[in-house]
Amino acid sequence: MKPPTRFLSAALGLGIAAVTAAAATLPAAAADARAAEATGTASTTESIARYEGSKEDSAATKRFFEAVVKSVAEKRAANPGARLVTVRYNASSAPSFRGQIASSTAIWNGSVSNVRLQEVTGAADFTYREGNDPRGSYASTNMHGRGFIFLDYRQNQQYDSTRVTSHETGHVLGLYDNYRGPCSELMSGGGPGTSCRNAYPNAAERARVNQLWVNGFAKALEKAGATLGTAKNG
């Protein structure tokens, strides 16, 4: 997904994300059973490729980013000096992917030191969802100020499911797509093909997140503006 065209106002913070290691592929039988119950249209390699990097994809990512930023900012307003930022997520609407979400969370929490992802059962900064969608997996909002990550059944059968989840969660931390990157780059997503199973951010991605969030929320806000400006012009 493409970066937002501009950063939110100085009143807001930045989205954050995820952590956990282990890999699990969504069992085909389980995915097919849930797919049969879902009402969405199944994705194809072609339909996913049309969506990734499109204007619609960029707009959805921007809305997701802003929704998570606003949610985190509101919770952080009472404690702006804290050095570690926590972003809370609810995975109850993606039961088929609990293992992958836990692995993604562990991966990110073990890779960066200035932000932490925490699972909750109630109100959260963003949620995970699952189903069939011709767009594949993506980050967006419900248009009511709540961000969510959607995990597509078929794409998660075609590609390494933990990589897909960890990649989408990376958008919460402020990382953006680079489909031309190598398999070693998490945010290259499906660019390297279905054989790529790497679910870990590389050194540059880890450093980027840590630099963005160093010294807590106030610095994250300041550096996010510069980072997004660079991404937009790059």
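Residues numbered from 1 in each chain as written. Predicted model: local features only at pLDDT ≥ 70, side-chain atom pairs only at ≥ 80, totals over all residues. Heavy atoms only, no water.

### Description of the pairing of strand E1 (residues 85-93)
Sheet analysis places E1 next to strand E2 (residues 115-119), joined by five bridges and oriented parallel. Counted as the bridge partner of Arg-88 is Gln-118 from E2. Running through helix H4 (residues 98-111), the crossover from E1 to the neighbouring parallel element E2 is right-handed. As defined by bridge partners, E1 adjoins strand E3 (residues 126-131) across three bridges and the pair is classed as parallel. Of the residues in E3, the one forming a bridge with Asn-90 is Thr-127. (Pairing = 2+ DSSP bridges. Helix = DSSP H or I, 4+ residues; strand = E, 2+ residues; numbered from the N terminus. Right-handed = clockwise from strand over helix to strand, strands pointing away.)

### What about the packing of H4 against helix H6 (residues 161-170)?
When two helices pack together, their arrangement is given by the angle between their axes and by how far apart the axes lie. Across the interface, H4 lies against H6 with an axial gap of 9 Å and an inter-helix angle of 55°. When the axis of H4 is compared with that of H6, the two are oblique. Crossing hand, H4 versus H6: right-handed. Where H4 approaches H6, its residues Gln-100, Ile-101, Ser-103, Ser-104, Ile-107 and Trp-108 are matched on the opposing element by Ser-161, Thr-162, Thr-165, Ser-166, Thr-169 and Gly-170. Of the residues belonging to the contact of H4 with H6, the class tally is three nonpolar, nine polar and no charged. (Axes fitted to C-alpha atoms, helices over the stretch in contact; angles between N-to-C directions. Parallel < 35°, antiparallel > 145°, perpendicular 65-115°, else oblique. Left-handed = near helix turned anticlockwise from the far one by under 90°. Contact = heavy atoms within 4.5 Å. Nonpolar A, V, L, I, M, F, W, Y, C, P; charged D, E, K, R; others polar.)

### A word on H6
Most of H6 sits inside the fold, with ten of its ten residues counted as buried. At its buried positions, H6 is contacted by H4, E2, E3, strand E4 (138-141), strand E5 (147-152) and helix H5 (153-158). (Buried < 20%, exposed > 50% of the residue type's maximum accessible area, 1.4 Å probe, protein only.)

### Quick word on the confidence of the model for the chain
In this model, the chain carries an average pLDDT of 76, and 69% of its residues clear a pLDDT of 70 or more. By mean pLDDT, helix H1 (residues 28-37) is the weakest element of the chain at 37, and H4 is the strongest at 98. Across residues 226-234 the pLDDT falls below 50, and counting only partners more than four positions away or on other chains, this stretch makes eight contacts in the model. (pLDDT = per-residue confidence, 0-100.)

### Topic: the sheet that holds E4
Read from one edge to the other, the open sheet built from five strands follows the order E2-E1-E3-E5-E4, with strand pairing classed as mixed. Whereas interior strands pair on both sides, the edge strands pair on one side only; in this sheet they are E2 and E4. Between one strand axis and the next, the sheet turns through 30° on average, direction left out of account.

### Some details on the pattern of salt bridges
The final tally for this structure, using the stated rule, is four salt bridges. The partner of Arg-135 in a salt bridge is Glu-56, with the nearest N and O atoms 3.5 Å apart. With Arg-135 in the loop between E3 and E4 and Glu-56 in helix H3 (residues 55-76), this residue pair connects regions lying 79 residues apart in the sequence. We classify Arg-135 as partly exposed; its relative accessible area is 25%. (Salt bridge = Lys/Arg side-chain N within 4 Å of Asp/Glu carboxyl O.)

### Some words on the pairing of E4
Of the two faces of E4, the one holding Tyr-138 and Ser-140 and the one holding Ala-139 and Thr-141 are both buried throughout. Judged from the four bridges that link them, E4 and E5 form a sheet pairing that is antiparallel. Residue pairing in the sheet places Ala-139 in a bridge with Ile-149 of E5.

### Digging into the packing of aromatic side chains
Evaluated as defined, the whole model comprises eight aromatic pairs. Aromatic pair Phe-64 and Phe-126: ring centres 6.3 Å apart, planes at 85°, arrangement edge-to-face. Of this pair, Phe-64 sits in helix H3 while Phe-126 is found in strand E3, placing the two residues 62 residues apart along the sequence. The pair Phe-64 / Phe-126 is uniform in exposure class, with both members buried. A ring pair is formed by Tyr-138 and Phe-150, whose centres lie 5.3 Å apart and whose planes are at 15°; its orientation type is stacked. (Phe/Tyr/Trp six-rings, centres within 6.5 Å; stacked < 30°, edge-to-face > 60°.)

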